[in-house]
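Overview (structure and organization)
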Amino acid sequence: MVSRGQKFLERFYIGFVFFLLYAPILILIVCSFNASKARTVWGGFTFNWYVSLAQNEEVMAAVRTSLVLTFSAALIATILGTLACIGMTVMKKNSQSAIMSVTNIPMLNADIVTGIAIMLLFVRFAGLGMMSMLAAHITLGVPYVILNVMPKLKQTNRSAYEAALDLGATPTYAFRKIVLPDIMPGVLSGFLLAFTISLDDFVITYFTKGPGINTISTMIYQQVRRGINPEMYALSTILFLVILVFLWIVNRIQNDEPQAAEAQAKGKVAA
Amino acid sequence: MQAKELIHLENISKSFDGELVLDELDLTIRENEFLTLLGPSGCGKSTTLRILGGFILPDKGRVIFDGQDITNTPPNKRNLNTVFQKYSLFPHMNVEDNIAFGLRIAGKSDAYIKDKIKYALKLVNLDGFEKRSPLLLSGGQQQRIAIARAIVNEPRVLLLDEPLGALDLKLRQDMQYELIRLKNELGITFVYVTHDQEEALTMSDTVVVMNQGYIQQMGTPEDIYNEPENAFVADFIGDSNIIDGIMIRDRKVEILGVTFDCVDTGFGEYKPVDVVIRPEDVVLLDPGKGSMDGVVSHIIFKGVHYEMEVTAGGFDWLVQSTVGHPVGTPVGIWVDPYNIQIMNKPESDDEKAVGVEE
Ligand SMILES: Nc1ncnc2c1ncn2[C@@H]1O[C@H](COP(=O)(O)OP(=O)(O)O)[C@@H](O)[C@H]1O
Ligand SMILES: [Mg+2]
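Conventions used here
Residues numbered from 1 in each chain as written. Chains lettered and ligands numbered in written order. Predicted model: local features only at pLDDT ≥ 70, side-chain atom pairs only at ≥ 80, totals over all residues. Heavy atoms only, no water. Patch = residues over 30% accessible without salt bridge, like charges linked within 9 Å, V, L, I, M, F, W, Y side chains within 5 Å. Areas by Shrake-Rupley, 256 points an atom, 1.4 Å probe, with all protein chains shown as cover. Salt bridge = Lys/Arg side-chain N within 4 Å of Asp/Glu carboxyl O. Lys, Arg positive; Asp, Glu negative; His and termini not counted. Charge placed at Lys NZ, Arg CZ, Asp CG, Glu CD. Helix = DSSP H or I, 4+ residues; strand = E, 2+ residues; numbered from the N terminus. Buried < 20%, exposed > 50% of the residue type's maximum accessible area, 1.4 Å probe, protein only. Core = buried A, V, L, I, M, F, W, Y, C linked by side-chain atoms within 4.5 Å. Domains from an automatic or database assignment. Contact = heavy atoms within 4.5 Å. Near = heavy atom within 4 Å. Polar contact = N/O pair within 3.5 Å; in protein donor to acceptor, adjacent residues only side chain to side chain. Nonpolar A, V, L, I, M, F, W, Y, C, P; charged D, E, K, R; others polar. Pairing = 2+ DSSP bridges. Axes fitted to C-alpha atoms, helices over the stretch in contact; angles between N-to-C directions. Buried area = accessible area lost by both parts, 1.4 Å probe.

**Concerning a negative patch on the surface**
All names here are of chain B. A cluster of like negative charges, contributed by Glu222, Asp223, Glu227 and Glu229, occupies part of the molecular surface. Structurally, the position occupied by aspartate 223 is in helix α7 (residues 221–226). Exposure remark for aspartate 223: the relative accessible area of 36% places this residue in the partly exposed category.

**Observations regarding helix α1 (residues 45–53) of chain B**
All names here are of chain B. Burial within α1 is extensive, with seven of its nine residues counted as buried. Among all positions in α1, only Lys45, Thr47, Thr48, Leu49, Ile51, Leu52 and Gly53 are buried. Just past α1, the residue glycine 54 takes up positive phi, approximately 95°.

**Notes on the nonpolar core**
Among soluble globular proteins, nonpolar side chains are generally buried collectively. All names here are of chain A. Grouped together as the largest cluster of nonpolar side chains are 43 residues, with contacts concentrated most on Val59, Met232 and Leu235. If you list the elements that add at least two residues to this core, you get α2 (48–55), α3 (57–89), α6 (130–155), α8 (171–199), α10 (216–226) and α11 (230–270). Split by domain, this core shows at least three residues from each of two domains, domain 1 (1–55) and domain 2 (57–229). Setting aside residues up to four positions removed in sequence, leucine 235 forms contacts with Leu53, Val59, Val63, Ile216 and Ile220.

**Digging into the environment of isoleucine 215 of chain B**
Residues and elements named next belong to chain B. Its place among the elements puts isoleucine 215 in strand β10 (residues 214–219). Overall, the relative accessible area of 29% leaves isoleucine 215 in the partly exposed class. Linking isoleucine 215 and leucine 25, residues 190 residues apart in sequence, is a C-alpha distance of 7.0 Å. In this structure, isoleucine 215 is in contact with Leu25, Asp26, Leu27, Val208, Val209 and Met210, ignoring residues within four places of it in sequence.

**Let's talk about the site of ligand 1**
Residues and elements named next belong to chain B. Every residue lining ligand 1 is accounted for by Phe16, Asp17, Val21, Pro40, Ser41, Gly42, Cys43, Gly44, Lys45, Ser46 and Thr47. Contact between ligand 1 and lysine 45: an oxygen atom at 2.9 Å from a main-chain N or O atom of the residue. At 2.7 Å, a side-chain N or O of serine 46 approaches an oxygen atom of ligand 1. With the chains in place, 57% of the 560 Å² that ligand 1 exposes on its own is no longer accessible. At three residues, the largest contribution of residues to the shell around ligand 1 is made by α1. Split by residue class, the shell around ligand 1 holds four nonpolar, five polar and two charged.

**With respect to the sheet that holds strand β16 (residues 292–301) of chain B**
Residue and element names in this part refer to chain B. Spatially, the five strands line up as an open sheet ordered β15-β19-β16-β17-β18, and their pairing is antiparallel. Two strands lie at the open edges of the sheet, namely β15 (282–285) and β18 (315–321), each paired on one side alone. Across this sheet, the average inter-strand angle for adjacent strands is 45°, counted without regard to direction. As judged from the six bridges shared by β16 and strand β17 (residues 306–312), these two strands associate in the antiparallel manner. Among the inter-strand pairings, valine 295 is bridged to a residue of β17, identified as threonine 311.

**Structural notes on the domain arrangement of chain B**
Residues and elements named next belong to chain B. When its domains are assigned, chain B resolves into domain 1 (5–226) and domain 2 (231–354). Placing the centre of domain 1 and that of domain 2 at their C-alpha centroids yields a distance of 38 Å. Across the boundary between the two partners, domain 1 contributes 16 residues, which contact 12 residues of domain 2. Interface area, domain 1 with domain 2, both sides summed: about 1,200 Å², of which 61% is carbon and sulfur. Joining domain 1 to domain 2, the criterion identifies zero salt bridges. Taken together, domain 1 and domain 2 are joined by two residue pairs in polar contact (both at pLDDT 80 or more). In terms of residue class, the side of domain 1 that touches domain 2 is built from eight nonpolar, eight polar and no charged.

**Brief notes about the environment of isoleucine 79 of chain A**
All names here are of chain A. Looking at the element boundaries, isoleucine 79 is found in helix α3. You can call isoleucine 79 partly exposed: its relative accessible area is 47%. Separated by 123 residues in sequence, isoleucine 79 and phenylalanine 202 place their C-alpha atoms 24 Å apart.

Next comes the structure, spelled out in structure tokens:
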């Protein structure tokens, strides 16, 4: 039996840990609504920083760059990653696990190493700019897509795909109609994760960006270096909230799955 | 007169990872035939069926369909349809869309498709199931839908890979009768895979007994049951007493030191053979009245008959009889010469019965 006291301690401990984890961000969010420019003085509640943010051309350019870059990188990473997964399913077990380990490297590798490596490559062969950033962000996203799609693809049953071929479907049609709907939750959460990772990346972007181009994160970095600017608190808050929403959606997608499977199983028993 | 030859698997060989799964398999399937591939798990039945369906390319040999070589034709271009073991329905489509899948690809009109769905559902006894989700159907219903989905395309051949394997006994028996009825109504060729000998004997026109990638015997269910060609077939089809014997001369065989009369000839003199006697063919008499004496060592009641083990001549005879004797009863054993089946000893390991300890 767990006593009431113990229960309270448990709750308190968890609350405390979460408080420590999120205190910095909480302060950031509070500061973004602070009318006073000083970090330590509360000058009243205001939306001013958000308003001036929207009017700042430099900031808006960075937001646009970020959105275009992140969206295209996530999209391309999703297509590449999904195709890679399909390729891997027909491989032998050994080659499959070898490739899986290799794809994990960009994820585990220190960002700074990946960043410098891609920078060197592009400086040598192409020059830095939107393309090098895109390439870097795709590299960043592909492992997350593979990690999300592969388990789904392994779960899909081959019989359904083969049945489609058997009924006259070409392999492409069978994939589109039968396999894709099955792995869609994995593809979607892969895409959202790739999007999130790409959106909040700073290190790799910093090394691979061309002169004069800024994403939201490199922009914040530059501005904060110049001095205190509550507009950047506002921008950071928005970035945080956007990413929070994305992760929440990913979570929802992943959690819905087992429930759906359970419902299926129940249905089977009932019928 | 025999029906026209429809499919010829011509000397098919197939290896997986260096392991030979099918070895020069040669098989002819006739029009309108219910042919069953029967054998223990892992003997290559599914591989044979998948080569027929086009999902696996053979390493060697050809697949001839109606006179044409279709060895390299992809599955979507073959005029045959498959019913898989289980879970092959498209989970995110309702029953109607599942059944319509092949017809839509073939570009049939909506009216035609609607008619076909209705007809097929009636045929598999699931009228009115159009809008159901396959996920909410029982195993038996799912397999019926899978069958409906296959037959609406009017294939010339229906391939079925252990389609009843996941069902319980009662449902399996019902479905067996339905499959026979279906086959007769449709008038198409069925190629059926199972490891269940009873299922094979019940449904088939022709049974092909396979083991380790070889065809052991092919024939009508009666042939296979009554005249197994080797110890493997005898052992696999029902329980049998398989005893080492010596053919002394024509019509005389020595088993366990006793000479029995039989009807087989042409084995030569003093030739080692396998002797197969079905348990229901062993007759128990009073001691001294039979060919040899023994003692009942085990008995269980099986509903229709008793199954007994009788130790005689150092061998445990499996005996089935409607009359039971308590354990310890001395009995005489007698076998009608017609019921003694003599077989040559296997020449290769592949013909040996699996599961028979040496
Ligand atoms: N795709 C495959 N890859 C490797 N081995 C396989 C494959 N398919 C079948 N096998 C092997 O081939 C043998 C025969 O399999 P199968 O034809 O499925 O047997 P059955 O249907 O008679 O049980 C088995 O030993 C199985 O492990
Ligand atoms: Mg099989």
